[in-house]
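What follows is each chain in one-letter form.
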Amino acid sequence: FKFSNIYEDRNHDIWISTFNNGVLKITKNQIYLYNSETGLTEGGISGVYHDSKGNYWFGSWANKGFTMYDGQRFYHYKPEHHKLSLDFHAFAEYEGKLWMGTFAGGIVVYDKGKFYRYDFFSEQRGNIYSFAINENGLWFNIYGVGVGNYYLGKFHFYLKDDGLRGSQAFKIYSDIDDNIWVADLYAGFSRIDPDYFYKETFNNMFAPTQVATIVKDPKGNTWFTPNGGLLTKMKGNTLTTYINFRL
């Protein structure tokens, strides 16, 4: 297996997506494999999402669309009007609709059996890998561009010139204070509160400059996982870097 993603669902079960053979589910010390032999899309899975109704949604690689599993059977979706990309990477529920981020195809929204597409920027259609939700709406990355926000029926976009550290936003995260954290693969991270951008410098202390994602642990620590860099933990304003080396 070659692993592509990991996800914890609403039941605290762990799903591990693979590039080549479906997805693994770990629950109560047991492991289950879902792949084309059990009804899932053939090949690799880019991500898993467990919605508020108990359904599971699976994104796929290689233009195979996405799949929904209701606990009994699999349903496969391949929107005909979505010509540029059928690689689905991120999912979110917002305003009663399912929002899906794609590779080079913007956002596809699934609402009551119909598909709607939002395309961004004519020269670069937009790689959407991550969503976050706070009181200021739905946030999403646009890799190579910046960050997008959808609120009260309108889209807003935030670029490097607006205060982001870089344009390679990869993951979006919302904390308990409704701040939005943006992980940039090549420029570290930014923090957005409802009114300001913060380019975190921690008083010139060492800070990660290549961040693939941001997660919180049960103790309230923030972890910045690297894009070829160093694993870093933030507790308050203290940064701890972990180095793996051989003696």
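Residues numbered from 1 in each chain as written. Predicted model: local features only at pLDDT ≥ 70, side-chain atom pairs only at ≥ 80, totals over all residues. Heavy atoms only, no water.

Student: Any chance you could explain the environment of Gly-163 here in plain terms?
Tutor: Checked against the element boundaries, Gly-163 lands in the loop between strand 16 (154-158) and strand 17 (169-174). Note on Gly-163: relative accessible area 13%, which makes it buried. Along the sequence, Gly-163 and Ser-190 sit 27 residues apart, while their C-alpha atoms lie 8.4 Å from each other. (Helix = DSSP H or I, 4+ residues; strand = E, 2+ residues; numbered from the N terminus. Buried < 20%, exposed > 50% of the residue type's maximum accessible area, 1.4 Å probe, protein only.)

Student: When you look at unusual backbone geometry in this model, what are you seeing that I'm missing?
Tutor: Keep in mind that most residues, glycine aside, have a negative phi and that most peptide bonds are trans. Despite not being glycine, Glu-95 shows a phi value in the positive range, around 55°. Position of Glu-95 relative to the elements: it lies in the loop between strand 9 (88-94) and strand 10 (97-102). Unusually for a residue other than glycine, Leu-152 sits at a positive phi of about 55°. Note that Leu-152 resides in the loop between strand 15 (146-151) and strand 16.

Student: Would you take a moment to explain the packing of aromatic side chains for this structure?
Tutor: How two aromatic rings sit relative to each other is set out by the distance from centre to centre and by the angle between their planes. In total, this model carries 31 aromatic pairs according to the counting rule given. On the basis of an interplanar angle of 50° and a centroid distance of 4.7 Å, the ring pair of Tyr-150 and Phe-155 is categorised as tilted. A residue is classified by how much of its surface remains accessible, and Tyr-150, at 8% relative accessible area, is buried. According to the relative accessible area criterion, Phe-155 is partly exposed, its value standing at 23%. (Phe/Tyr/Trp six-rings, centres within 6.5 Å; stacked < 30°, edge-to-face > 60°.)

These values are about where atoms sit, not about what they do.
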